Amino acid sequence: MTDDLYWDPFDKEIDVDPHPRWKRMRDEAPVYRNEKFDFYALSRFADVDAAHLDPTTYSSRYGTVLELMKPEPWDTGQIIFMDPPAHTTLRVLVSRAFTPRRVGGLEGVIRDLCAELLDPQIGGGGFDYVQDFAAQLPSLVISQLIGVDPADREDVRKMIDGTFYLDPEKGMFNETAMAATARFHGYLTAQLEERAKSPRDDMMTALIQAEIAAEGGTRRLSLREATDFTALLVSAGTETVARLLGWACVLLAAHPDQRADLAADPALLPGAVEETLRHEAPSPVQGRMATRDIDLHGTRIPAMSKVLLLTGSAGRDDRKYDDPDRYDIRRRFDSHVSFGHGVHFCLGAALARMEGRIALEETLRRFPAWDIDHENTVRLHTSTVRGYEKLPIIL
């Protein structure tokens, strides 16, 4: 490794375009060591994929966000901070509620919400694609999925927005975001308690009622587990879909010929969603803790070391993809790791894909062409999420 190669997930300047640096890491330091923040990083597709498939060696119990990782396991109901077998039990339970039928039934709802958000922009000179559309759509969809009362949806949307507040100094872990998170948890807990007394046909009821066989009888989610999973579903589903749509908007503006092809043939949209996820992963960094010594590419990662899996880098690995820096909605490839792989594969992947496909189709139906007002864009940056916070487009 050459001395001038440096990367960390907190540096906003690097984050504007990390791909040249990630390429150097793949080529020169596939097991990269950062002394300042005390972590190793894997950047090649094969290594990232293998780590996702080996939760025994690459543990999630110690945290999956670098600034939250610690030497002791987390005592939490959050499924993303668990390993098997506890993770397996919880995942089976929540899967009973998060069914393909329940997700598939949202297609008409998503189209109606797209119309509600996009139709007022018809005839105008432009709008903020993220603030006015991409950031609002997923929170509204998730609210419908879990069963938020229509009268509460605007208040819930504001609570969700508050949980994502970024302080310029403290980042995502600040008093405003923590207060919004606590309020949102309180709301969900009260709603789940109500579902236990008065069931409805919604996901919160399904979470409370889901059962699996367990030692000595059956097992249900505790109230805490149901609250934590619902909150995770809302936060993860809202944030990543918003960034996915923002990246698609930027990439299609930069490739107007491919945008025209999508407008003419919506059947190409599923492939465009996958290519966008590969090309610019909305969540490009996941943390794990090494539970044993790992020898890889001539480097030893000692046990109890923090290891970052760079899914954003894996998507541009030329060992896996031909001409990986080229954006091509017709690209044929068998897989990417932007949703993870293995036991922690994103439970909401099918919903995210459907939202992305429908949102782009409805956008292109109304606005087949646009330009980006680059001077007024605002990037969003955390240690795990990358994309646009504000994205004004010119029609």
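Below is a summary of the structure that appears in this document.

Thresholds applied
Residues numbered from 1 in each chain as written. Predicted model: local features only at pLDDT ≥ 70, side-chain atom pairs only at ≥ 80, totals over all residues. Heavy atoms only, no water. Helix = DSSP H or I, 4+ residues; strand = E, 2+ residues; numbered from the N terminus. Rg over C-alpha atoms; globule rule 2.2 N^0.38 Å. Contact = heavy atoms within 4.5 Å. 1 Å grid on protein atoms, 1.4 Å probe; cavity = no way out; pocket = protein on both sides within 12 Å on 5 of 7 lines; lining within 4 Å. Points joined across faces, edges and corners; volume = space filled by probe spheres on them. Nonpolar A, V, L, I, M, F, W, Y, C, P; charged D, E, K, R; others polar. Phe/Tyr/Trp six-rings, centres within 6.5 Å; stacked < 30°, edge-to-face > 60°. Lys NZ or Arg CZ within 6 Å of the ring centre and 35° of its normal. Core = buried A, V, L, I, M, F, W, Y, C linked by side-chain atoms within 4.5 Å. Buried < 20%, exposed > 50% of the residue type's maximum accessible area, 1.4 Å probe, protein only.

Moving on, we come to the overall build of the protein. Across its full length, the protein holds 16 helices and 14 strands. For a compact globule of 395 residues, the expected C-alpha radius of gyration is about 21 Å, and the protein comes in at 21 Å, within 12% of that figure. Dimensions of the protein, computed from C-alpha atoms along their principal axes, come out at roughly 60 × 55 × 40 Å. Residue pairs at least 24 apart in sequence account for 69% of intrachain contacts in the protein once pairs closer than 6 positions are excluded.

Inspection of every chain in the model, using the stated rule, returns two cavities of 30 Å³ or more. Of the voids in this model, the largest cavity is the one considered here, and its volume is about 90 Å³. Together, 15 residues line the largest cavity, and Trp7, Pro9, Asp15, Trp22 and Val285 are the ones closest to its centre. Here the residues of the lining of the largest cavity are counted per class, giving eight nonpolar, three polar and four charged. In this structure, the second largest cavity spans a volume of roughly 40 Å³.

Attention now goes to the packing of aromatic side chains. For the coordinates displayed, the defined rule picks out 11 aromatic pairs. Ring geometry for Phe339 and Phe345: centres 6.2 Å apart, planes at 70 degrees, overall edge-to-face. Among the aromatic residues, those joined into a ring-pair cluster are Phe127, Tyr129, Phe133 and Phe367. Over the ring of Tyr40 we find Arg33; its NZ or CZ atom is 4.7 Å from the centre of that ring. We note Arg379 situated over the ring of Tyr388; from NZ or CZ to the ring centre the distance is 4.8 Å.

A word on the nonpolar core. Grouped together as the largest cluster of nonpolar side chains are 81 residues, with contacts concentrated most on Tyr129, Phe133, Leu137, Ile146, Met203 and Leu351. Residue contributions to this core peak at 16 residues, all from helix H12 (residues 223-254). Sequence-distant contacts of Ile146, that is, excluding residues within four places in its chain, are made with Leu188, Asp202, Met203, Met204, Thr230, Leu233 and Val234.

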